[in-house]
Amino acid sequence: MPELAEVETIRSQLQRFLPLEIVNISTSSFANNFIKKTKSNFPFPLPTIEGSSLIKINRHGKYLIFQFNNVSINVSSNVSNDQNQLYLLSHLGMSGYWQIRQKNNNSIKLKHVHLSLVGKDISFDYIDPRRFGMFALMDQKNLKLKLTTQGPDLTSKKLNTTHIKKALLRYPNRSLKKILLDQTLFAGMGNYLANEVCAHARILPCRLAKDILIQEVSTINKTIKKVVNIAIKSKGTTLSKGGYKNAEGEFGKGINNLVVFYQEICGMCGQEKVVKTYIDGRGTYYCPKCQH
Ligand SMILES: [Zn+2]
């Protein structure tokens, strides 16, 4: 499942091709099912952004936020939109990714394309074989509403020791890993990042929040930034069994950084066998020698 590093890699690769004048929008027959998952009050039909200009792509946690300017909006007045701007919110689900397609490159026939933002020379294609992703076009008001359910982004300054302390105090009887995976507290965290953060912080993922020491909070904070930055620099993580591809169709190289996740021997001590267990049904990996 794409986590912060994978989504950020895709964002930065797409961003290089902006602004993109949208000549037209093409969708698969399944596209409306992705929209239904947003539960947004005013999802605009996707062709609304034809003729507009994609000027920016932001990210919050695992959400990509495409900003379109100069949209010709002809809808009822209860939609707040002063600046003719609309936003495409995109969540990649389990297996989704955006890919850049050059117009003169028709040699590759892509499968599972559900949405294409077609420009003059290039297009951005949304590909999702397992169809767990979601996207929808919305105005700023609804975008803000949607994002209020999210905690601070892992790369944000708002994610600091004060925030982590509060999160641990709120759920004293939850395991550290369960708290880290809560998107309302740590937006962008996913299973491999959470496993690796616990490992590098030398804390067992099953430790309860109430048993985390005050000095460990600072370690957790520093470790989140470190693990996330390394994963971004590696352009995301693709496991050996395949899966995630970035917007240029390449696999992420973050697998080389992993010390416990999907590992047999701990990458920190180089000796101990990694233990695999489950927390909340998610595969959980730790080194019994390095983590306490
Ligand atoms: Zn170890």
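To continue, consider the overall build of the chain. Scanning the chain from terminus to terminus reveals seven helices and eleven strands. Relative to a compact globule of 292 residues, whose C-alpha radius of gyration would be 19 Å, the chain shows 20 Å and is just as compact. Taking the principal axes of its C-alpha atoms as reference, the chain extends roughly 60 × 45 × 30 Å. The buried share of the chain, reckoned over its 292 residues, is 53%. If you sum the accessible surface of the chain, you get close to 14100 Å²; carbon and sulfur atoms cover 50% of it. Of the side chains in the chain, 41 bear a positive and 20 a negative charge, and the two mean positions are spaced by 3 Å.

As a working rule, side chains carrying opposite charge can pair if their charged atoms are close by. Tallied over the full model, the rule gives eight salt bridges. Across the pair R59 and E8 runs a salt bridge whose closest N-O atoms are separated by 2.7 Å. Taken together, the residues R59 in strand β3 (residues 53-60) and E8 in helix α1 (residues 4-15) connect sequence positions 51 residues apart. For R59, a relative accessible area of 15% translates into the label buried. Judged by relative accessible area, which is 15%, E8 ranks as buried.

So, about unusual backbone geometry. Note the cis peptide between L18 and P19, where omega equals 0 degrees. Among the structural elements, P19 can be located in the loop between α1 and β1 (20-21). One non-glycine residue with positive phi stands out, namely N70, at about 55 degrees. Structurally, N70 can be placed in the loop between β4 (63-69) and β5 (86-91). Look at N70 and you get exposed, because its relative accessible area is 56%.

Criteria and cut-off values
Residues numbered from 1 in each chain as written. Predicted model: local features only at pLDDT ≥ 70, side-chain atom pairs only at ≥ 80, totals over all residues. Heavy atoms only, no water. Helix = DSSP H or I, 4+ residues; strand = E, 2+ residues; numbered from the N terminus. Rg over C-alpha atoms; globule rule 2.2 N^0.38 Å. Buried < 20%, exposed > 50% of the residue type's maximum accessible area, 1.4 Å probe, protein only. Areas by Shrake-Rupley, 256 points an atom, 1.4 Å probe, with all protein chains shown as cover. Lys, Arg positive; Asp, Glu negative; His and termini not counted. Charge placed at Lys NZ, Arg CZ, Asp CG, Glu CD. Salt bridge = Lys/Arg side-chain N within 4 Å of Asp/Glu carboxyl O.

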